[in-house]
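Inside the fold
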Amino acid sequence: MKNNRMTLQDIANLAGLNKMTVSRYLRDPGQVSLRSRELIAKVMEENNYIPNRAPEILLNARSKTIGVLIPSFRNQIFADVLAGIESVTSAHHYQTLIANYEYDPLREEREVLNLLSYNIDGLILTSKQHSDRMVQYVRASGIPVAELMDFGGQHLDIQVGFDNEKAAWDMTNAFLESGKRAIAFFGSMDDPRDLSRFYGTELALAAHGLKAYHMVPRTISSVALGRQMFLQMQQSRPDIDAIFCTNDDLAVGVLLACQVQGIAVPQNMAIAGFHGLEIGRARLKKIASVITPRYEIGKTASEILIARLAGKDAVNRVNLAYQIYYGDTL
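Heads up: these notes are all about the structure in this document. (Residues numbered from 1 in each chain as written. Predicted model: local features only at pLDDT ≥ 70, side-chain atom pairs only at ≥ 80, totals over all residues. Heavy atoms only, no water.)

For the bond running from Val-265 to Pro-266, omega is 10°, close enough to zero to count as cis. By secondary structure assignment, the location of Pro-266 is in the loop between helix 11 (248–261) and strand 9 (270–275). For Asn-119, which is not a glycine, the phi torsion comes out positive at approximately 60°. Here Asn-119 is to be found in the loop between helix 6 (105–116) and strand 3 (122–125). (Helix = DSSP H or I, 4+ residues; strand = E, 2+ residues; numbered from the N terminus.)

Following this line, the structure appears as structure tokens:
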């Protein structure tokens, strides 16, 4: 028998078990014994059986699915976040539905509504800035929702992240302690996280009577963009002696531009990035950066969501630690 038209009773008969055991296995393999799991899995594999979840969904049963929304598949920082999410969801036999919205609030509305239409059990968002309509959709669904990557301010339900403003404040003070005074902040999308980092930079400089030079192209960061921004900055602010980038790929672009021009780093130009990406440390000259706990953020949020779905008590706000890495460019 090599088709998917088998019934639960067919599987039970072939496995030598009762139908209820098979049903429990399909809902959650952990509810049945190891021997039963092995027998049922063997029968399903031999017969290419694919479970049909539609009846459960129509009956408003759990779909065992978590929706995940990220701002862009092109932004590499979310690969680690997704890995952290998957490490927990797969261990608990949950599936993930992943969508992106390219930093567009209207598209975010559409993608959230689409995810909710699949009767997802929980939702993970990687931003805390949403349209009013999207918030209405989420609240009406009644499912647990986690917002990731930032900590502080208003939140819908569960919040797991780190303090972007404080991280930027710490890095800016590291620039100041090294003797730098003319500091530029290179943003990218001008999203809430970018803005939090810029505010942190502003606050640290203001305490010394200084102001930051702010560049924000409102596009996704890249090495090429970092180089382009550096060249533009040289035309308007040749006095700048330190650049704080909202992402490490921008910082790599700045470093490459400095090397081409023979600018001594960090003596004449200090450089720092954000997130501690591999690209920033895969060079002979390691780039200073704020190392962010992206994997732990995804993992922790998923653990909280699944605990809530299991009816267990769980904290709803977690502020994870970041690290300041000084590298060779600060």
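With that settled, the discussion passes to the nonpolar core. Grouped together as the largest cluster of nonpolar side chains are 48 residues, with contacts concentrated most on Ile-124, Leu-148, Met-149, Val-160, Met-171, Phe-175 and Phe-244. Not counting residues within four places of it along the chain, the set of residues in contact with Leu-148 comprises Val-81, Ile-85, Ile-124, Leu-125, Thr-126, Ser-127, Val-160, Arg-193, Ile-297, Gly-298 and Ala-301. (Core = buried A, V, L, I, M, F, W, Y, C linked by side-chain atoms within 4.5 Å. Buried < 20%, exposed > 50% of the residue type's maximum accessible area, 1.4 Å probe, protein only. Contact = heavy atoms within 4.5 Å.)

What follows is about the packing of aromatic side chains. Tallied over the entire structure, the rule returns six aromatic pairs. Where Phe-185 meets Phe-244, the ring centres are 5.6 Å apart and the plane angle is 90°; that geometry is what we call edge-to-face. With Phe-185 in strand 6 (residues 183–186) and Phe-244 in strand 8 (residues 242–245), this residue pair connects regions lying 59 residues apart in the sequence. Residue class for Phe-244 comes out buried when judged on its relative accessible area of 0%. One aromatic cluster in this structure is built from Phe-162, Phe-175, Phe-185, Phe-198, Tyr-199, Phe-244 and Phe-274. Cation over ring: Arg-197 sits above Phe-274, and NZ or CZ is 4.0 Å from the ring centre. Its end group placed over the ring of Phe-151, Arg-317 keeps NZ or CZ at 4.5 Å from the ring centre. (Phe/Tyr/Trp six-rings, centres within 6.5 Å; stacked < 30°, edge-to-face > 60°. Lys NZ or Arg CZ within 6 Å of the ring centre and 35° of its normal.)

With that settled, the discussion passes to the sheet that holds strand 6. Here we have six strands laid out as an open sheet, ordered 7-6-8-9-10-12, and mixed in their pairing. Every interior strand has two partners, whereas the edge strands, strand 7 (213–215) and strand 12 (323–325), have only one. The sheet shows a mean angle of 15° between the axes of neighbouring strands, taken without regard to direction. (Pairing = 2+ DSSP bridges. Axes fitted to C-alpha atoms, helices over the stretch in contact; angles between N-to-C directions.)

What follows deals with the packing of helix 2 (residues 19–27) against helix 3 (residues 34–46). Helix-helix packing is described using two parameters, namely the angle between the two axes and the distance between the axes. As a packed pair, helix 2 and helix 3 sit with axes 11 Å apart at the nearest point and diverge in direction by 85°. It follows that helix 2 is roughly perpendicular to helix 3 by the angle criterion. Contact residues: helix 2 offers Thr-21, Val-22, Tyr-25 and Leu-26, while helix 3 offers Ser-36, Arg-37, Ile-40, Ala-41 and Met-44. (Parallel < 35°, antiparallel > 145°, perpendicular 65-115°, else oblique.)

Attention now moves to the pairing of strand 9. Among the six residues in strand 9, six count as buried, and that is most of the element. Pairing analysis gives three bridges linking strand 8 to strand 9, with the strands arranged parallel. The residue of strand 9 that forms the bridge with Ala-242 is Ala-270. Once you follow strand 8 into helix 11 and on to strand 9, the crossover reads as right-handed. (Right-handed = clockwise from strand over helix to strand, strands pointing away.)

With that settled, the discussion passes to the sheet that holds strand 4 (residues 145–148). In space, the six strands of this open sheet follow the order 2-1-3-4-5-11, with parallel pairing throughout. Each end of this open sheet is capped by a strand with a single partner; those strands are strand 2 (95–100) and strand 11 (317–319). Averaged over all adjacent pairs, the angle separating strand axes in this sheet is 20°, with direction ignored. Examined bridge by bridge, strand 1 (residues 65–70) and strand 3 share four bridges and lie parallel to one another. When the sheet's bridge partners are listed, Val-68 is paired in strand 3 with Ile-124.

Relative to the 16 Å expected for 12 residues at 1.5 Å per residue, helix 6 spans 17 Å between its end C-alpha atoms, a close match to the ideal helical length. What helix 6 keeps buried is the set Glu-108, Glu-109, Glu-111, Val-112, Leu-115 and Leu-116. The inward-facing, buried residues of helix 6 abut strand 1, strand 2, strand 3 and helix 7 (132–141). The opening residue of helix 6 is Asp-104, an N-cap whose side-chain oxygen sits 3.0 Å from the backbone nitrogen of Leu-106. (Expected span 1.5 Å × (residues − 1). Polar contact = N/O pair within 3.5 Å; in protein donor to acceptor, adjacent residues only side chain to side chain.)

The subject of this paragraph is the pattern of salt bridges. Throughout the structure, instances matching the rule amount to 13 salt bridges. Ionic pairing is found between Asp-150 and Lys-128, a salt bridge with its closest N-O pair at 3.7 Å. Residue Asp-150 is found in the loop between strand 4 and strand 5 (158–161), and its partner Lys-128 is found in the loop between strand 3 and helix 7; the two are separated by 22 residues along the sequence. As a salt-bridge pair, Asp-194 and Arg-197 come within 3.9 Å of each other at their nearest N and O atoms. (Salt bridge = Lys/Arg side-chain N within 4 Å of Asp/Glu carboxyl O.)

So, to be careful, I would describe these as geometric facts and stop short of saying anything about function.
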